[in-house]
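Inside the fold
Chain by chain, the residues run as shown.
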Amino acid sequence: MDSAKDSTLRIVAVEDVASEADLAAHYLKRAGLHCQMVRVETEPDLLRALRETQPDLVMSDFSLPQFDGMSALKITRQEYPDVPFIFVSGTIGEERAIEALRFGATDYILKTNLARLAPAVQRALEEADGRRAKLRAEQGLRDLVRIHTMLSNINSAVLRSLGRKELLQEAARIAAEQGGYGLACVFLVDAGKASLRPFVWKGAQREATSRPEFVFATEPVNGQSIAARAIRTGQPVVCNDLLAEDTGVHYADADWTQPFRSVVALPLVVDETAVGTLNLYSAQPGTVTDDELNLLRQVAGNISFALQYLHKEDKVQFLAFFDPLTSLAQRSLFNERLARMIESPNADEDGSLQEPPNLFVSVFDVERLSAINDRYGRHTGDFLLQLISERLKALVPDTDHVAHFGSGRFGAVFAAPDGDGKNIAPMVHSHVASLFERPFPIEGDEIHAAARSGTACFPRDGATAESLVQAAELALRTARESGERHLLYADDMNKGQVQRLTLEHKMRRALEEQQFVLHYQPKISADEGRIVGLEALIRWQDPENGLVAPGAFIPVLEESGLIVDVGRWALEQAVVDGRRWQDKGAVQVPIAVNVSNLQLRRKDFVDEVLHVLDDAGSVQIDVEITESALMEDLAGATRTLGRLKEAGVSVAIDDFGTGYSSLRQLSKLPVDTLKIDRSFIVGLSSDPADMTIVSMIIALARAFDLTAVAEGVETEEQLKLLRLLKCHQLQGYLISRPVPPRELEQLMLRTQGVVPVPGIHAPMSVLMG
């Protein structure tokens, strides 16, 4: 429902007491929610009511004499998976409520607190509306996929075609067969006769062109047909309902439009002159949406671009300039266009030449593209680039100012509106970031993508198009090295790039020469001080500078992709260390290894982990992933972690509380442990907000039967408070710093797994006092 208060709700109430159902309806009516309620008490009655009523909402008691609420929930989910289901009961407890939410209930309300019913219903209906809107958006996306497929195949036809007629025949065929249009026709201008004539046509609806009365007539260029108007204006002409009285369809279109309801005429332009149109007809009204028209403009633009070069019989030159995937200029054409902007100053009204404007060139890279290709397949990565290009073209309508250099690298030109460029750099960076604010819906998944960008200014950072683009790319590389999202070019970046390449070379050598080592930090139980687990933390034993902390080299590993190989080594080394400790008689505890998002998104990641565990014997290896990395691709991560959990690998969410996971998402995640981020532990004794957050996370973990681990415990006061809050496990320098394997082995043998931490054995009565 789009507005619950403006219409009557259809509600099925699973309730054996009529007065209870009436009371619920009374509370809804009092809140302005008018409802038509059908009460049922048995399973057959519920099935009948669902099919006859097609309800907006189902409410159910938890326990009934002849039925039960969980069965009602299961049936409703089978019949109407998108209909909200709310328990209204006086008997449901917290554990059962959590179980109900796990199995798909929307909410639960106690009969003793019916004041909550109306807000809960309103919220549930709004969420259902949101889901339906998402389905509509997905249908729109499928339509765009159809046009993208058509666009891509026409681009391929451009590269294969030997001549104009073959190209246009293939374009019409692809539009009709793959674009889903009932008829596709190309009209060309006969310059000698100043008329339009149908040149090629293909129809998926063959009856449209097989009628005896169908006539392929010529039309004057100055006429009023849809094609003629597109030729004269140089703009697409759209009619989304040919039966409407105000469409102004000319009699010249009658033979073409009679079987159809929608049409669009797209001008084909060569040397800034319209030489013909591509007309696409559909049997359905309202076919041509704004998004579809934007893509069709690209179809016509690409055919026009091809005609320009096919006319010169120069296919090699065309391929050098054109990116068939995104329909954007490649680097060489982008540089040519940029050079024209720089070298062709405009004239003032008095005829004097203006100085060239301040131009800003921004180059940005799509992050994690290789990981997306590995996880979802190359076709998904390609479609992601197409969606990004569409957002870029919406941001920069003049396609002469945008380009795709290949492999997820895009370029764009911006002009300074104030003439001096003082404020343009932040604006450029904001524009690039805006392209990635919303996730990209692809094949039922919402893929989160991000980008880093570099920007250079003309004439300050380069006097030629090529030097400007190179400066922007150097700023981009520096941004990747420093972890910044966006950087403006500076002269000292050349030095920084040399340092970055040197460090990457050292990383490759460190992996080859086994310079990486693992240190281990114990996790202890808060009640006994017993070591219950270890976290493996990577360090670099640099021959020149000694032991290097991870913050100095992990970003380079991730940026270069070496983190995948180093992560695999860490898993293998943790198994080796664990087996050695076992042989020495040390206490056996699980070893947690941190996993990067690049590893998690690889298709072979689970198989790789299981292969390592084949040699682990009784050593238990767990994995940790940060909450922020998890939320970048929640659906994909859930599938991967689910497979690990099925194989017996425990999963922890690291730095919990710093991301954006919701209660509903947490209930569905295949995880065992929440690790509370150290930033909350630092302020535990001084900041009431941190105390509240930590308390809530611990309570949340207990509600979902998870283990709560506090990271960064450094003081006895923090330890005392965490024990009072009933945190399960503790980790931090108060217990032990990360130590090398042999030092940890000695600790475990010496203490038999019980760490002597000040205050850990104090009874709760003392803590409370």
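Scope of this entry: the structure provided in the associated data block. By convention here, each chain's residues receive numbers from 1 onward along its written sequence. With the structure being a predicted model, the display of local features is reserved for residues of pLDDT at least 70 and the display and counting of side-chain atom pairs for 80 or more, all residues being used for whole-chain, interface and lining totals. Hydrogens are left out, water is left out, and the side-chain values use all remaining heavy atoms of the structure.

Attention now moves to the overall build of the chain. Put simply, DSSP H or I for four residues or longer makes a helix, DSSP E for two residues or longer makes a strand, and each gets a number counted from the N terminus. Assigned secondary structure in the chain consists of 29 helices and 27 strands. Any residue under 20% of the maximum accessible area for its type is buried, any over 50% is exposed, and the rest in between are partly exposed; the area is computed with a 1.4 Å probe on protein chains only. Burial statistics for the chain: of 769 residues in total, 50% are counted as buried. Note on definitions: a residue-residue contact is assigned when non-hydrogen atoms from the two residues lie within 4.5 Å. Counted over contacts in the chain with a minimum sequence separation of 6, partners at least 24 positions apart contribute 67%. By element, 50% of the accessible surface of the chain is carried by carbon and sulfur atoms, the whole surface being about 35400 Å². Surface accessibility follows the Shrake-Rupley procedure with a 1.4 Å probe radius. Residue values consider only the protein chains on display as shielding.

Aromatic rings from Phe, Tyr and Trp, taking only the six-membered ring of Trp, are treated as a pair when their centres fall within 6.5 Å; an angle between ring planes under 30 degrees marks them as stacked, one over 60 as edge-to-face, and anything in between as tilted. Taken as a whole, this structure holds eleven aromatic pairs when the rule is applied. Here the aromatic rings of Phe 364 and Phe 410 are separated by 5.3 Å at their centres, their planes lie at 15 degrees, and the arrangement is stacked. Remark: Phe 410 occurs in strand β14 (residues 409–415) and Phe 364 occurs in strand β12 (residues 359–366); sequence separation between them is 46 residues. Judged by relative accessible area, which is 0%, Phe 410 ranks as buried. Geometrically, the ring pair formed by Phe 516 and Trp 569 is tilted, given 6.4 Å between the ring centres and 50 degrees between the ring planes. Placement of the pair is Phe 516 in strand β19 (residues 516–525) and Trp 569 in helix α19 (residues 562–584), with a sequence separation of 53 residues. Classification of Phe 516 as buried rests on a relative accessible area of 5%.

The subject of this paragraph is the sheet that holds strand β17 (residues 451–458). Strands in a sheet are paired, the pairing made by backbone hydrogen bonds, and the direction either parallel or antiparallel. Any two strands between which DSSP finds at least two bridges are classified as paired. What the five strands build is an open sheet, ordered β13-β14-β12-β17-β18; its pairing is mixed. Edge positions in the sheet fall to β13 (402–406) and β18 (486–488), since each of these pairs with one other strand and no more. On average, adjacent strands in this sheet sit at an angle of 20 degrees to one another, irrespective of strand direction. Looking at chain direction, β17 and β18 are connected through three bridges and run parallel. Between N-to-C directions, angles cover 0 to 180 degrees, with each direction set by a line fitted to C-alpha atoms, over the stretch in contact for helices.

Of note, His 486 is situated in strand β18. Between the C-alpha atom of His 486 and that of Ser 430, which follows or precedes it by 56 residues, the distance is 9.1 Å. Excluding residues that lie within four positions of it along the chain, His 486 makes contacts with His 429, Val 432, Ala 433 and Ser 453.

In this section: the pairing of strand β20 (residues 531–542). Taken across its twelve residues, β20 has ten buried, putting it largely inside the fold. As defined by bridge partners, β19 adjoins β20 across nine bridges and the pair is classed as antiparallel. From the neighbouring strand, Lys 523 faces β20, where its bridge partner is Gly 533. Hairpin connection between β19 and β20: a loop of five residues separates the two successive antiparallel strands, and Gly 529 in this loop has a positive phi of roughly 75 degrees. Of the strand pairs in this sheet, β20 and strand β22 (residues 591–594) are connected by three bridges, and their pairing is parallel. Residue pairing in the sheet places Glu 535 in a bridge with Ala 592 of β22. Summarising the sheet, β20 and strand β21 (residues 546–548) pair through three bridges and their orientation is antiparallel. Across the sheet, residue Trp 540 finds its bridge partner in β21, namely Val 548. Following β20, the chain reverses through three residues before pairing antiparallel with β21.

What follows is about the side chain of Arg 723. By the secondary structure assignment, Arg 723 is in helix α27 (residues 716–724). His residues and chain termini do not enter the charge count, which takes Lys and Arg as positive and Asp and Glu as negative. Within this document, salt bridges are pairs made up of a side-chain nitrogen of Lys or Arg and a carboxyl oxygen of Asp or Glu, the two lying within 4 Å of each other. For Arg 723, which is buried and forms no salt bridge, the nearest opposite charge comes from Asp 527, at a distance of 6.9 Å. Any pair of nitrogen or oxygen atoms within 3.5 Å is treated as a polar contact; in protein, a donor-acceptor pairing is required on top of that, and neighbouring residues in sequence qualify only through side-chain atoms on both sides. At 3.0 Å, the side chain of Arg 723 forms a polar contact with the backbone oxygen of Ala 526.

Attention now goes to the packing of helix α13 (residues 369–376) against helix α14 (residues 378–395). Axis separation between α13 and α14 bottoms out at 6 Å; the angle between their running directions is 135 degrees. Taken together, the axes of α13 and α14 lie oblique to each other. On α14, the residues touching Leu 369, Ile 372, Asn 373 and Tyr 376 of α13 are Arg 378, His 379, Thr 380, Gly 381, Leu 384 and Leu 385. Residues are grouped as follows: nonpolar covers Ala, Val, Leu, Ile, Met, Phe, Trp, Tyr, Cys and Pro; charged covers Asp, Glu, Lys and Arg; every other residue, Gly included, is treated as polar. In terms of residue class, the contact of α13 with α14 is made up of five nonpolar, four polar and one charged. To sort the angles, those under 35 degrees are grouped as roughly parallel, those over 145 as roughly antiparallel, those from 65 to 115 as roughly perpendicular, and the leftovers as oblique.

Inside soluble globular proteins, nonpolar side chains tend to come together where they are buried. As used in this record, nonpolar core signifies buried Ala, Val, Leu, Ile, Met, Phe, Trp, Tyr and Cys residues forming a set joined through side-chain atoms within 4.5 Å. Of all hydrophobic cores here, the largest spans 83 residues; its most connected members are Phe 516 and Leu 730. Element by element, the count of residues in this core is highest for α19, at ten residues. In this structure, Phe 516 is in contact with Met 507, Ala 510, Leu 511, Ile 538, Arg 539, Trp 540, Phe 553, Leu 557, Val 566 and Trp 569, ignoring residues within four places of it in sequence. Counting residues in hydrophobic clusters, the runner-up holds 34 residues, among them Ala 157, Leu 280, Leu 293 and Leu 307.

We now examine the sheet that holds strand β5 (residues 107–110). Ordered in space as β2-β1-β3-β4-β5, the five strands form an open sheet in which the pairing is parallel. Each of the sheet's edge strands pairs with one partner strand only, and the pair in question is β2 (35–40) and β5. Geometrically, the sheet is characterised by an average inter-axis angle of 25 degrees between neighbouring strands, direction not taken into account. Bridge count between strand β1 (residues 9–14) and strand β3 (residues 57–60): four bridges; the pairing is parallel. Note that in β3 the partner of Ala 13 across the bridge is Met 59. Against the sheet, helix α1 (residues 18–30) contacts β1, β2 and β3, and its axis sits at roughly 160 degrees relative to β2.

Here the structure, examined in full by the defined rule, presents 38 salt bridges. Between Glu 367 and Arg 485 there is a salt bridge whose closest N-O contact spans 2.4 Å. Of this pair, Glu 367 sits in the loop between β12 and α13 while Arg 485 sits in the loop between α16 (465–482) and β18; the two residues are 118 residues apart in sequence, bridging distant segments of the chain. With a closest N to O distance of 3.2 Å, Glu 544 and Lys 506 form a salt bridge. Within this pair, whereas Glu 544 is found in the loop between β20 and β21, its partner Lys 506 is found in helix α17 (residues 493–512), the two being separated by 38 residues in sequence. Taking relative accessible area as the criterion, Glu 544 reaches 55% and is therefore assigned exposed.

This part is about the packing of helix α21 (residues 605–613) against helix α23 (residues 634–646). Contact geometry of α21 with α23 gives a least axis separation of 10 Å together with a crossing angle of 20 degrees. By the angle between their axes, α21 is roughly parallel relative to α23. Of the two possible hands of crossing, α21 and α23 adopt the one that is right-handed. For the pair α21 and α23, contact is made by Phe 605, Val 606, Asp 607 and Val 609 and by Thr 640, Arg 643 and Leu 644, respectively. Its residues placed into classes, the contact of α21 with α23 shows four nonpolar, one polar and two charged. For any pair of crossing helices, the crossing counts as left-handed if the nearer helix is rotated counterclockwise from the farther one by less than a right angle, and right-handed if it is rotated clockwise.

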